[in-house]
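Understanding the architecture of this molecule
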Amino acid sequence: MPSSNSPPSRERIVAGAADMISRRGLSATSIREMAKHAKAPLGSTYHYFPEGKQQLATEAVRHTGEWVARSLRRELEAGPVATLRAFLTLWRKIVVDSDFHAGCPVLAVSIEEPPTDEIPPALAAAAEVFAQWETLLAASLRDHGADPRRADQLATLVVAAVEGAVAMCRAKRATEPLDRAAQQLHALIADAIEG
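Just so it is clear, the structure is predicted and the values come from calculations on it, not from any experiment.

Thresholds, definitions, all that
- Residues numbered from 1 in each chain as written.
- Predicted model: local features only at pLDDT ≥ 70, side-chain atom pairs only at ≥ 80, totals over all residues.
- Heavy atoms only, no water.
- Helix = DSSP H or I, 4+ residues; strand = E, 2+ residues; numbered from the N terminus.
- Buried < 20%, exposed > 50% of the residue type's maximum accessible area, 1.4 Å probe, protein only.
- Polar contact = N/O pair within 3.5 Å; in protein donor to acceptor, adjacent residues only side chain to side chain.
- Contact = heavy atoms within 4.5 Å.
- Core = buried A, V, L, I, M, F, W, Y, C linked by side-chain atoms within 4.5 Å.
- 1 Å grid on protein atoms, 1.4 Å probe; cavity = no way out; pocket = protein on both sides within 12 Å on 5 of 7 lines; lining within 4 Å.
- Points joined across faces, edges and corners; volume = space filled by probe spheres on them.
- Nonpolar A, V, L, I, M, F, W, Y, C, P; charged D, E, K, R; others polar.
- Phe/Tyr/Trp six-rings, centres within 6.5 Å; stacked < 30°, edge-to-face > 60°.

Here the focus is the side chain of Thr175. Within the secondary structure, Thr175 sits in the loop between helix 8 (148-172) and helix 9 (176-194). Judged by its relative accessible area of 14%, Thr175 is buried. Looking at Thr175, its side chain comes within polar contact range of the side chain of Arg92, at 3.0 Å. Those residues in contact with Thr175 that sit more than four places away from it in its chain are Arg92, Val96, Phe100 and Cys169.

To continue, consider the nonpolar core. In terms of nonpolar packing, the biggest core is built from 56 residues, with Phe87, Trp91, Trp133 and Val162 touching the most fellow members. Ranked by residue count, the leading element in this core is helix 7 (residues 121-143), at ten residues. Dropping the residues within four chain positions of it, Trp133 is found in contact with Thr64, Gly65, Val68, Ala69, Leu72, Phe87, Trp91, Cys104, Val106, Val159 and Glu163.

All right, on to the layout of surface pockets then. Looking at the largest pocket, its volume works out to about 300 Å³. Together, 15 residues line the largest pocket, and Ala15, Ala18, Asp19, Trp67 and Ile94 are the ones closest to its centre. Those elements that provide at least two residues to the lining of the largest pocket are helix 1 (10-24), helix 4 (53-75) and helix 5 (80-97). The element best represented in the lining of the largest pocket is helix 1, accounting for five residues. The residue makeup of the lining of the largest pocket, split by class, is seven nonpolar, five polar and three charged.

Its identity as a non-glycine residue notwithstanding, Lys39 has a phi of 55°, on the positive side. Locating Lys39 in the fold gives a position in the loop between helix 2 (31-37) and helix 3 (42-48). Given the relative accessible area of 69%, Lys39 is considered exposed. Even without a glycine there, the phi angle at Phe100 is positive, about 70°. If you trace the backbone, Phe100 turns up in the loop between helix 5 and helix 6 (105-110).

A word on the packing of aromatic side chains. By convention here, two paired aromatic rings are described through the distance between centres and the angle between planes. Applying the stated criterion to the full structure yields four aromatic pairs. Centroid distance Phe130 to Trp133: 5.8 Å. Interplanar angle 75°. Geometry classified as edge-to-face. Of this pair, Phe130 and Trp133 both sit in helix 7, three residues apart, which is roughly one turn of that helix. Summarising the burial analysis for this pair, Phe130 and Trp133 share the class buried.

In C-alpha cells:
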C-alpha cells in the first residue's frame, strides 16, 4: 500500500475527475477542483495532463467508457438480458450511492455546448464511448438471435433510455424512471431474441 506521501496515480486523478464531472458537469468544474476531489496536488495533475482540463476530461470519459464496457463484457455470454441487467444495475448503484448527486460523466460532457465550433476531444471521446456500448449490446443481441438491424436499433435505444433515465432519476431524486425503463427494455429485448 503506498504511503500517504506518495504521488497520486494518474488513474486516481482520472477516476476523481470522472466522478466530479458526473456530479457537476464539465463547464462547472475546474481542473483545480478535479485535482482537489482526487486529493492530488495541482502540479501532479498538470504533470499527467499537460494540456489541461480538456485532456483530463477526455481521459475521464474514456475511463468511464471502459469501466462500463468491462461490466457489459462480463455478462455478454449470459446474453442480452443479463447484459442489460448489468448496465441498469451499474447506473442504479451510482445514482443511489451518491444520493442522486452523480450521473454519467459521458452524458455530462455530451450535453454541454462546446466553447467553439470545433468538436472538443472530450465530446469526441463521448461519442466513441456511446458507440462502444451500443456495439457491445448489439453484438449480444445478434449473437442471441435478434435481427441485425433491430439489434443495432435496440442497442441505441437501450443506451439512450438508460442515460436519459439516469438524468431523470437525479432530477426526481428517485429510481422510478430507471426502474420503469428497465421493465420496458427487458420486454423489448425478450421480444427481439425470441422473435
